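The primary structure of each chain is shown beneath.
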Amino acid sequence: MSGAGQGVPLDGRVAVVTGASSGIGAAVARALADAGAPVVVAARRAERLASLVAEIGERGGRASACATDVTVRAEVEALIQHAQSEFGGVEILVNNAGVMPLSPLAAARVDDWERMVDVNVKGVLFGIGAALPVMLREGRGHIVNVGSVAGRRPFPGGTVYAATKFALRALSAGLQLELSAEAGIRVTDIQPGVVDTELADHIPDPEQRAAFQGRWSEKRALRAEDVAAAVLHAVTAPAHVNINEILIRPTDQPT
Ligand SMILES: NC(=O)c1ccc[n+]([C@@H]2O[C@H](COP(=O)([O-])OP(=O)(O)OC[C@H]3O[C@@H](n4cnc5c(N)ncnc54)[C@H](OP(=O)(O)O)[C@@H]3O)[C@@H](O)[C@H]2O)c1
């Protein structure tokens, strides 16, 4: 029973975090690096990644940047290669990159729907497809998918976004079913409620953006660090513990 109930240190456990140039991804990268994991940070904005790598280095951690567009399969494969050549493998993959260009279905903003499917679903699939062979070879791994409370319940204007996050729940459940007992690979679907990040700044429709931001101007949203703490909790659990889902909402968001 030794070690039961104690966290497993992340020393030497290589992590890859997508969407690490801001918000939740950057906070997760800091938290994992602080816990001893060498971290590869990925996103499109390379300058942001470079400052995060420098910051993690100043805090005594190890990090490396890999500019990646998760919608491009070859770039995601190169990201996993990068983790192997820089740090010798990949044990923790945090599929966090995501976009939320909200709009009512009636507006038929099909380009935005396509972008959400490309980043939020296909980007995650590309990550899994690239990392799984490495994890299977090593006989261990932990895939963390950043879903959303919207993956449990759609909201007006967020139907397609919710559909992408429902997809992540199905994917996480199926991964766990196929691979946890069979291959020792753990899977966690983190489902945050509203988090104070840049996500809503990119809502293209000004009315939808103002409505979303207005609803939260007087309330306390989660901070990215709150979600990072949940990710850390899952990945530092002992090897026999698979934390499948974490639903984490602001106190001011009851549903
Ligand atoms: N904020 C919330 O209220 C909330 C709630 C529930 C779930 N989430 C989820 O949390 C995750 C992180 O979002 P956030 O709130 O931290 O928002 P954010 O600050 O806007 O971060 C989104 C990240 O995704 C990256 N990204 C977007 N498109 C990409 C692409 N094609 N390739 C690679 N990276 C891409 C962005 O980096 P680049 O632009 O540099 O590529 C950025 O680093 C998302 O999956 C989101 O759905 C957020």
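Residues numbered from 1 in each chain as written. Predicted model: local features only at pLDDT ≥ 70, side-chain atom pairs only at ≥ 80, totals over all residues. Heavy atoms only, no water.

(A) Layout of the pairing of strand S3 (residues 63-67). Across 5 bridges, the pairing between strand S2 (residues 39-43) and S3 is parallel. Each bridged residue has a counterpart across the sheet, and for Ala43 the counterpart in S3 is Ala67. Each parallel crossover has a hand, and for S2 linked through helix H2 (residues 46-58) to S3 it is right-handed. (Pairing = 2+ DSSP bridges. Helix = DSSP H or I, 4+ residues; strand = E, 2+ residues; numbered from the N terminus. Right-handed = clockwise from strand over helix to strand, strands pointing away.)

(B) Quick peek at unusual backbone geometry. Phi at Ala108 takes a positive value of approximately 45 degrees, unusual for a residue other than glycine. Along the chain, Ala108 falls in the loop between strand S4 (92-95) and helix H4 (110-138). Judged by its relative accessible area of 43%, Ala108 is partly exposed. (Buried < 20%, exposed > 50% of the residue type's maximum accessible area, 1.4 Å probe, protein only.)

(C) Structural detail: the site of the ligand. Around the ligand sit 30 residues in total, of which Ser21, Arg44, Tyr161, Val195 and Thr197 are the nearest. Backbone polar atom of Leu199 to an oxygen atom of the ligand: 3.4 Å apart, as the coordinates give it. Relative to its unbound accessible area of 870 Å², the ligand is 96% covered by the protein chains. When contributions to the shell around the ligand are tallied by element, the ones reaching two or more residues are helix H1 (23-34) and helix H5 (159-183). Partitioning the shell around the ligand into residue classes produces 13 nonpolar, 12 polar and 5 charged. (Near = heavy atom within 4 Å. Polar contact = N/O pair within 3.5 Å; in protein donor to acceptor, adjacent residues only side chain to side chain. Areas by Shrake-Rupley, 256 points an atom, 1.4 Å probe, with all protein chains shown as cover. Nonpolar A, V, L, I, M, F, W, Y, C, P; charged D, E, K, R; others polar.)

(D) A look at the packing of H1 against H2. Relative to each other, H1 and H2 sit at 25 degrees, their axes nearing to 10 Å. In this view, H1 runs roughly parallel relative to H2, as classed from their interaxial angle. Considering the relative orientation of H1 and H2, their crossing is right-handed. Within the contact between the two elements, H1 uses Ala26, Ala29, Arg30 and Ala33 and H2 uses Leu52, Glu55 and Ile56. Across the contact of H1 with H2, the residue classes break down as 5 nonpolar, no polar and 2 charged. (Axes fitted to C-alpha atoms, helices over the stretch in contact; angles between N-to-C directions. Parallel < 35°, antiparallel > 145°, perpendicular 65-115°, else oblique. Left-handed = near helix turned anticlockwise from the far one by under 90°. Contact = heavy atoms within 4.5 Å.)

(E) Structural context of the pairing of S4. A two-sided burial pattern is seen for S4, the buried positions comprising Ile92 and Val94 on one face and Leu93 and Asn95 on the other. One ladder, built from 3 bridges, connects strand S1 (residues 15-18) with S4; its direction is parallel. Within the sheet, the bridge partner assigned to Val17 lies in S4 and is Val94. Bridge count between S4 and strand S5 (residues 141-146): 4 bridges; the pairing is parallel. Bridging across to S5, Val94 finds its partner in Val144. Crossover connection from S4 via H4 to parallel S5: handedness right-handed.

(F) View of the packing of aromatic side chains. Scanning the entire structure with this criterion turns up 0 aromatic pairs. The ring of Trp216 is capped by Lys219, whose NZ or CZ atom sits 4.8 Å from the centre of that ring. (Phe/Tyr/Trp six-rings, centres within 6.5 Å; stacked < 30°, edge-to-face > 60°. Lys NZ or Arg CZ within 6 Å of the ring centre and 35° of its normal.)

(G) Representation of the side chain of Gln253 in the model. Assignment of secondary structure puts Gln253 in the segment after strand S7 (245-248). For Gln253, a relative accessible area of 12% translates into the label buried. If near-sequence neighbours (up to four positions away) are discounted, Gln253 is found in contact with Val149, Gly193, Val194 and Trp216.

(H) The pattern of salt bridges, seen in detail. Evaluation of the coordinates by the stated rule reveals 14 salt bridges. Here Glu55 and Arg30 are joined by a salt bridge, their closest N and O atoms 2.7 Å apart. With Glu55 in helix H2 and Arg30 in helix H1, this pair connects stretches of sequence that are 25 residues apart. Glu55 sits in the partly exposed class, given a relative accessible area of 23%. On the accessibility criterion, Arg30 (23% relative accessible area) is partly exposed. (Salt bridge = Lys/Arg side-chain N within 4 Å of Asp/Glu carboxyl O.)

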